[in-house]
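# Structural overview
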Amino acid sequence: MTINGGGLCCQLAGQSGVSARALDFLILTAARSGEVREVPWGELDLIAKVWTVPAVKMKAGRKHRVPLSSRAVQIVAEMVENRSEVVEGSYVFPGAKHGKPLSVMALDMPLRRLKSSDTVHGFRSSFRDWG
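A word on helix α2 (residues 18-29). The end-to-end C-alpha separation of α2 is 16 Å, in line with the 16 Å expected for twelve residues at 1.5 Å each. Here α2 lies mainly inside the structure; ten of its twelve residues are buried. Among the residues making up α2, those that are buried are S19, A20, R21, A22, L23, D24, F25, L26, I27 and T29. Just downstream of α2, A30 is the residue with a positive phi angle, here 55°.

All right, on to the pattern of salt bridges then. Counted according to the given criterion, the structure contains six salt bridges. Note that R71 is salt-bridged to D24, the shortest N-O span being 3.1 Å. With R71 in helix α4 (residues 70-81) and D24 in helix α2, this pair connects stretches of sequence that are 47 residues apart. Linked through salt bridges whose partners overlap, the residues forming this network are R21, D24, R71 and E78.

A few words on the confidence of the model for the protein. Within the protein, residue pLDDT values average 82, and 81% of them lie at 70 or more. Of all secondary-structure elements in the protein, the lowest mean pLDDT belongs to helix α6 (residues 120-130), at 63, while strand β2 (residues 50-53) reaches the highest, 96. Here residues 1-5 is modelled with pLDDT under 50, and outside its nearest four sequence neighbours on either side it reaches twelve contacts, counting other chains as well.

Scoring rules and cut-offs
- Residues numbered from 1 in each chain as written.
- Predicted model: local features only at pLDDT ≥ 70, side-chain atom pairs only at ≥ 80, totals over all residues.
- Heavy atoms only, no water.
- Helix = DSSP H or I, 4+ residues; strand = E, 2+ residues; numbered from the N terminus.
- Expected span 1.5 Å × (residues − 1).
- Buried < 20%, exposed > 50% of the residue type's maximum accessible area, 1.4 Å probe, protein only.
- Salt bridge = Lys/Arg side-chain N within 4 Å of Asp/Glu carboxyl O.
- pLDDT = per-residue confidence, 0-100.
- Contact = heavy atoms within 4.5 Å.

Okay, here's the thing in structure tokens:
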């Protein structure tokens, strides 16, 4: 994976669309793509700035609490502003089909538009390698 410095997140912030917001959120939280694509509103506590992923959704089978940076909270707030309603159980980053999450390929699209050689999995992998 090639790291584009701070420029990539700035470029993502300049893109419109759910996929770009979801990818930005993924990078900020070091989460797996499936966790981000399928995050329901009920897992997020924007006041406490925490995302609680239930054990059943985690590879290790343990509940996971993810601290949310100010930018991650801002992304979620943008998703709230762009929704006609926020319904418990619905996805924060909804797919094109009503009631469905983003597709697996949706997170790759913002990188393709930027002609980036980065990969979605590479961001998470970087945290493991550098952490």
